[in-house]
Amino acid sequence: AKVLLVNGPNLNLLGRREPGHYGHHTLEQIVSNLTQQAVDTNLQLEHIQSNAEHVLIEAIHNTNADFIIINPAAFTHTSVALRDAILAVAIPFIEVHLSNVHSREPFRQHSYFSDKAVGVICGLGAQGYQFALQSAAAHLKVPTK
Ligand code: DQA
């Protein structure tokens, strides 16, 4: 089974971007750890990060993944278009945020994705992606090695 990992705007700066909120791991480290975890759990992982809404939308349109793990970043709070894309392809997804969006500015408390997600993970840093992948495997009933 295939999982598409989608990371939204500014997440390319992880590691040096507001480490108090987002931790010290770079996106490259997160993706490489997750790729290993995918191999270990019989999943195939594809990754896209973009700062451009239309690039993320088109990646979702064009994927043949069975499951999506998405951190829409700031688009969480703004993008009806990205929400519509993920609903259009009807691929189940888990929403991940590194920071606890509920303990920050009020505008971060609304998500255009949460009501449609299989689950939402926030505030657990880079580990959140690992939990999401583990849940994706369970959701897809992938036999473990
Ligand atoms: C974020 C939280 C968002 O509010 C913010 O705009 C981000 C990252 C997170 O992972 O904690 O860019 O999605």
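What you see is a predicted model; the values in this text were computed from it and never measured.

*Asks:* Hey, could you go over the overall build of the protein for me, with residue numbers and the actual values?
*Replies:* Looking only at helices and strands, the protein features 5 helices and 5 strands. Mapped in sequence order, the helices and strands of the protein form the string β-α-α-β-α-β-α-β-β-α. Taken over the C-alpha trace, the protein has a radius of gyration of 14 Å; the compact-globule value for 145 residues is 15 Å, and the two agree within 12%. Counting only C-alpha atoms and orienting by the principal axes, one finds that the protein spans roughly 40 × 35 × 25 Å. A buried classification covers 32% of the 145 residues belonging to the protein. For the protein, long-range pairs separated by at least 24 residues make up 74% of all intrachain contacts whose partners lie at least 6 apart in sequence.

*Asks:* Residue-level account of the site of the ligand, with values.
*Replies:* Contacts to the ligand come from Asn-10, Asn-71, Ala-73, Ala-74, Thr-76, His-97, Leu-98, Ser-99, Val-101 and Arg-108. Counted by class, the shell around the ligand contains 4 nonpolar, 5 polar and 1 charged residues.

*Asks:* Can you break down the sheet that holds strand S1 (residues 2-7) residue by residue, with the values?
*Replies:* Read across the sheet, 5 strands follow the order S2-S1-S3-S4-S5 without closing on themselves; strand pairing throughout is parallel. Every other strand in the sheet has two partners, leaving strand S2 (44-49) and strand S5 (119-122) as the edge strands with one partner each. Adjacent strand axes in the sheet meet at a mean angle of 20 degrees when their direction is disregarded. Where strand S3 (residues 67-71) and strand S4 (residues 93-97) come together, 3 bridges link them in parallel fashion.

*Asks:* Which residues make up the UniProt feature "site: Transition state stabilizer" (unreviewed entry) in the protein, and what are the values?
*Replies:* UniProt records the feature "site: Transition state stabilizer" (unreviewed entry) for Arg-17 in the present numbering. Assessed through the 15 C-beta atoms surrounding it within 10 Å, Arg-17 is described here as partly exposed. Among all residues touching Arg-17, those that are not within four sequence positions of it are Asn-10 and Tyr-22.

*Asks:* Explain the environment of Val-101 to me, using residue names and the numbers behind them.
*Replies:* Topologically, Val-101 is positioned in the loop between S4 and S5. Note: C-alpha distance between Val-101 and Ser-111 (10 residues apart in sequence) is 9.6 Å. In this structure, Val-101 is in contact with Arg-108, Gln-109 and Cys-122, ignoring residues within four places of it in sequence.

Calculation notes
Residues numbered from 1 in each chain as written. Predicted model: local features only at pLDDT ≥ 70, side-chain atom pairs only at ≥ 80, totals over all residues. Helix = DSSP H or I, 4+ residues; strand = E, 2+ residues; numbered from the N terminus. Rg over C-alpha atoms; globule rule 2.2 N^0.38 Å. Buried ≥ 20, exposed ≤ 12 C-beta atoms within 10 Å, placed from the backbone. Contact = placed C-beta atoms within 7 Å. Near = placed C-beta within 6 Å. Nonpolar A, V, L, I, M, F, W, Y, C, P; charged D, E, K, R; others polar. Pairing = 2+ DSSP bridges. Axes fitted to C-alpha atoms, helices over the stretch in contact; angles between N-to-C directions. UniProt positions renumbered as here; feature names shortened; annotations may be inferred.

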